[in-house]
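Summary of the model geometry
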Amino acid sequence: MMRGTVLVASALIFASSALALASLTPAQMAAADHDALLTVPTPAEFFGAIDKVSRPDWAAFYRDPGPTSFPSRPQAAFNLGVLVTDGYIAVEAQDGQQVKNTGKDIIALARALGVGENVLARGKSIADFADKNDWFALREELEATTNEVHRAMIDQRDEELASLIQAGAWLRALQVGGRAAELSDDPACTALLGQPQLVAYLHERIKESPAEGHSGPVVERVGKTFEQVQAVMTSGESAPPDAEQAQQISAACAQLVGEMGAK
Amino acid sequence: MKTRPMMLIAGLCLLLGAIAEAQEPQASPPPDPVVPLRARLLDFSTVLSNEGFRLRDSFWSGRLEAGKPRRLAVNLFAGNSYWFCAAGTPEARPVVALYDPQGEPVTGLVYDGDGLTAVGVTAGATGRYVVEVKAPRGAAADFCLIYLFK
């Protein structure tokens, strides 16, 4: 830490001049690389931005405990993503017990998907940080847990399940964020839902997966919601979403999360 | 009669040769050039973590060719603050720039250290941004990029 402080103190920090840089063309912007673990933000970034403009009652967004086993692996993967976002919601609510409960369910579902061993230690860390009310560390631990599962899925050549975990996490985040924005009725809050390109990217990822066969119906149903959400996000052309659109986004996501959470 | 022991000896020599070859230590794989770059970035990020920035649990790396920038799409939220930090070699320190959803360069704080460059911004709008990393001059060089948010 000391070394780092000295590093910054001795370095040159200055305001950059945007004038020195040329703009990127739409083609250059569109051709940018994507990295699933960096291009897709964490729900913590989204919730943190919401918290800056509106102070939602995060505990009001809890779900009733659901099953931790599902008839198909794609459905289980989607629900694992939903659970991860539930963990972030509990962290925002600063509710240690809820974080621990969600952490246990995440491990149980990861086990059902055959990657439980990869995140067992993470489950213990989540419980320890929750006991210490270390919300900062919990957000990082939740992301690290998700990424461990994601990497384990990729190692097992289960890219489709990895994509469904991200889809579940983000559609649950949009359900909650949409509801929070609708309740706040603050344009600065509803504008945070203006992420059609993120939704398009997540949709593209599940479409790229080998969906024919066992994961077909789940991928198809999730894809339909992505289309609905993207249509709402872009319905105001270049204007950011308003409270009505926030409600529509939240409702579409809530319906999917409810359907997928049923055994 | 004499040929049989000779053949046995020759066979034994071949066998021993094969065993020796099998036991020859394998050349260790070349070290991953990104590892020290990432370590330097993680060291740097502790300072920002102390300021309340959270480090994303991943990194983006590759090789920069002179005159060929690399670009990564990132989705940011209005009001959040971000630091994008890239490490290279001191001789080929990468240049980092951020472009907003319209493709316009974003003005922010710039850190220039020994082989490390970082750009700190507060997102003015929600949407898809592009972070660009390029080598200012010279030969191809490896780079590694991380980002933090608050």
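This text follows the structure it describes.
Presented here is a report on the structure given in the accompanying data block.

Cut-off values and rules
- Residue indices follow the written sequence of each chain, beginning from 1 at its first position.
- The lettering of chains begins at A and the numbering of ligands begins at 1, in the order of writing.
- Residue-level local features of this predicted model are given only where pLDDT is at least 70; pairs of side-chain atoms are given and counted only at 80 or more, and the full residue set underlies all totals for whole chains, interfaces and linings.
- What counts as a contact here is a pair of residues whose C-beta atoms, placed from the backbone, lie within 7 Å.
- What counts as a helix is a DSSP run of H or I of at least four residues, what counts as a strand is a run of E of at least two, and both are numbered from the N terminus.
- An expected span of 1.5 Å times one less than the residue number is assigned to each helix.
- Here a residue counts as buried when 20 or more other C-beta atoms fall within 10 Å of its C-beta, as exposed when 12 or fewer do, and as partly exposed in between; the C-beta atoms come from the backbone.

What follows is about the interface of chain A and chain B. A common way to state how big an interface is: give the accessible area lost once the parts meet. On the chain B side, the residues contacting the 45 residues of chain A number 40 residues. It is helix α4 (residues 43-53) of chain A that contributes the most residues to the side of chain A that touches chain B, six residues altogether.

Moving on, we come to unusual backbone geometry. With a phi close to 55 degrees, A:Asn133 is a non-glycine residue in the positive phi region. Topologically, A:Asn133 is positioned in the loop between α7 (116-131) and α8 (135-155).

This next bit is on helix α6 (residues 96-112) of chain A. The end-to-end C-alpha separation of α6(A) is 24 Å, in line with the 24 Å expected for 17 residues at 1.5 Å each. Phi turns positive one or two residues past the end of α6(A), at A:Gly114, with a value near 85 degrees.

With that settled, the discussion passes to the environment of B:Tyr82. Residue and element names in this part refer to chain B. Along the chain, the position of Tyr82 falls in strand β4 (residues 81-87). When the C-alpha atoms of Tyr82 and Ala125 are compared, they prove to be 13 Å apart, with 43 residues separating the residues in sequence. The residues touching Tyr82, leaving out its near neighbours within four places in the chain, are Leu76, Val121, Ala123, Tyr147, Leu148 and Phe149.

Moving on: helix α5 (residues 73-92) of chain A. Residues and elements named next belong to chain A. In this model, α5 (20 residues) spans 29 Å end to end at C-alpha, consistent with the 28 Å of a helix rising 1.5 Å per residue. Judged by how many residues are buried, α5 sits mostly within the fold: 19 of 20 residues are covered. The first or second residue beyond α5 is Gln94, which carries a positive phi of 55 degrees.

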